[in-house]
Amino acid sequence: MIKVGIIGATGYAGGELARLLLQRDDVEIVWFGSKSYVGQNYGDLYQNVYQFTDGVCQGDDLEELSRMADVIFTATPQGFCASSMNEEILSRTKVIDLSADFRIKDVSVYEEWYKLHHASPQFLEEAVYGLPEINREKIKNARLIANPGCYPTCSFLSVYPLVKEGIIDPTTLIIDAKSGVSGAGRGAKVNNLYCEVNESMKAYGVASHRHTPEIEQQLSLAAGRPVVISFTPHLAPMDRGILVTAYASLAKNLSEEEIRAVYQDYYGSEEFVRVLKPGVCPETRWVKGSNFVDVNIKTDPRTGRVIMMGAMDNMVKGAAGQAIQNMNLMFGLPEDKGLKLVPMFP
């Protein structure tokens with residue numbers, strides 16, 4: 001039995017972690033951490049798990065929790081995990097952080113984009129970027145996982161094979177992405193009210209979104225040289241989902257069939273990346289509630305470009321599902337345990 005603690009259990013990502021983990025018979029959630037709801041029954045706050053647990057919300061004492069749990073998920077705002085982390089905690093338990101605190105290896109870049117002082121840079125080198133499709137073996141032996149962001153996960157997996165193989169010119173890469181409103185978190189914000197979001201779409205964080213350096217860092221590692229991209233996110237009037245459409249100039253004269261073969265080579269044995277049939281565009285409705293990323297490509301001979309597309313659920317593969325995928329690897333379990341989720345439709 002794996003004893004699990006969730007700090008930030010009443011946010012959207014924390015709630016999704018609880019929903020997925022409460023269905024498992026090999027996991028016991030020993031701590032529902034929520035500073036705002038201390039003493040309240042978790043099943044009263046999230047009635048979708050009513051009678052699945054009688055757990056009561058507790059605070060965010062990472063030190064105390066580290067003495068009880070085999071693994072801690074921190075689904076918290078940026079800065080919390082870094083300011084709470086120390087060697088004693090990591091000597092007692094494993095930590096999977098869903099914030100950006102340990103994703104970006106360059107402290108100055110993190111501090112520039114997140115406008116925060118990094119409180120524990122000594123753990124940056126050790127922290128493993130928790131994208132199983134590229135770091136599976138490192139994840140297995142890790143104490144500290146930096147769970148990837150939602151936009152970076154979908155963006156990276158959509159374009160990775162062509163960057164890695166040098167098939168596109170990464171200096172021409174443009175990533176256009178759309179997200180459901182849950183990606184903004186559960187906090188009350190005027191811009192996220194129903195009447196503000198419904199029947200409308202908008203770009204935001206234009207040329208300034210803080211997921212940009214995370215995407216660039218991972219693409220630079222794949223390319224073996226610095227990669228700078230244009231990344232523009234948009235808010236879509238849906239609860240959950242990420243849709244990525246990326247464009248780049250081809251650096252090699254390959255046919256669409258040859259490019260599709262590259263994707264099959266990279267993802268053919270991956271449990272959670274589905275390369276769609278020719279001509280089928282990824283859609284958020286076909287991945288909702290699941291840990292899948294659907295990807296596909298289309299070449300445009302007229303412009304010499306390739307269009308790379310991806311869709312996933314930002315709350316599952318983009319947050320809680322990927323975190324559990326990482327947990328499974330860390331504890332030597334089948335990677336898909338508890339994640340064999342057929343997408344919901346409608």
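Higher on the page you've got the structure.
Let me begin by describing the structure that accompanies this report.

### A short note on the nonpolar core
Across soluble globular proteins, nonpolar side chains show a tendency to be buried alongside one another.
Then, in step 1: Ranked by internal contacts, the top residues of the largest apolar core, which has 41 residues, are Phe73 and Met327.
Then, in step 2: Elements supplying a minimum of two residues to this core: strand E1 (2-7), helix H1 (12-21), strand E2 (27-33), strand E4 (71-74) and helix H12 (316-330).
Then, in step 3: Looking at this core element by element, the count peaks at 8 residues for H12.
Then, in step 4: Residues Leu157, Val262, Val273 and Ile297 belong to the second largest nonpolar core, which totals 37 residues.

### Quick look at the packing of helix H8 (residues 150-164) against helix H11 (residues 256-267)
Then, in step 1: For the pair H8 and H11, interaxial distance at closest approach is 10 Å and the crossing angle is 110 degrees. Taken together, H8 and H11 sit at an angle that is classed as roughly perpendicular. Taking contact as the criterion, the partners of Leu157, Ser158, Val159, Tyr160, Pro161, Leu162 and Lys164 in H8 are, on H11, Ile259, Val262, Tyr263, Tyr266 and Tyr267.
Then, in step 2: Among the residues forming the contact of H8 with H11, the class breakdown is 10 nonpolar, 1 polar and 1 charged.

### Some remarks on the pattern of salt bridges
Then, in step 1: On inspection of all chains with the given rule, the structure shows 17 salt bridges.
Then, in step 2: Where Glu16 meets Arg240, a salt bridge forms, and the shortest distance between an N and an O atom there is 2.9 Å. Of the two residues, Glu16 is situated in helix H1 and Arg240 in the loop between strand E10 (230-235) and strand E11 (242-249); the sequence distance between them amounts to 224 residues.
Then, in step 3: Classification of Glu16 by relative accessible area gives buried; the value is 5%.
Then, in step 4: In this structure, the salt-bridge partner of Glu137 is Lys140, at a minimum N-O distance of 3.1 Å. With Glu137 and Lys140 both in helix H7 (residues 132-140), this residue pair falls 3 residues apart, about one helical turn.
Then, in step 5: For Lys140, a relative accessible area of 34% puts it in the partly exposed group.
Then, in step 6: One salt-bridge network, held together by shared partners, links Glu16, Arg19, Arg240 and Asp313.

### What to know about the sheet that holds strand E13 (residues 293-300)
Then, in step 1: With respect to topology, 7 strands assemble into an open sheet ordered E9-E10-E8-E11-E14-E13-E12, the strand pairing being mixed. Single-partner strands in this sheet number two, and they are strand E9 (202-203) and strand E12 (273-275).
Then, in step 2: Across the sheet, H11 touches E12, E13 and strand E14 (305-312), and the angle it forms with E13 is around 160 degrees.

Criteria and cut-off values
Residues numbered from 1 in each chain as written. Predicted model: local features only at pLDDT ≥ 70, side-chain atom pairs only at ≥ 80, totals over all residues. Heavy atoms only, no water. Core = buried A, V, L, I, M, F, W, Y, C linked by side-chain atoms within 4.5 Å. Buried < 20%, exposed > 50% of the residue type's maximum accessible area, 1.4 Å probe, protein only. Helix = DSSP H or I, 4+ residues; strand = E, 2+ residues; numbered from the N terminus. Axes fitted to C-alpha atoms, helices over the stretch in contact; angles between N-to-C directions. Parallel < 35°, antiparallel > 145°, perpendicular 65-115°, else oblique. Contact = heavy atoms within 4.5 Å. Nonpolar A, V, L, I, M, F, W, Y, C, P; charged D, E, K, R; others polar. Salt bridge = Lys/Arg side-chain N within 4 Å of Asp/Glu carboxyl O. Pairing = 2+ DSSP bridges.

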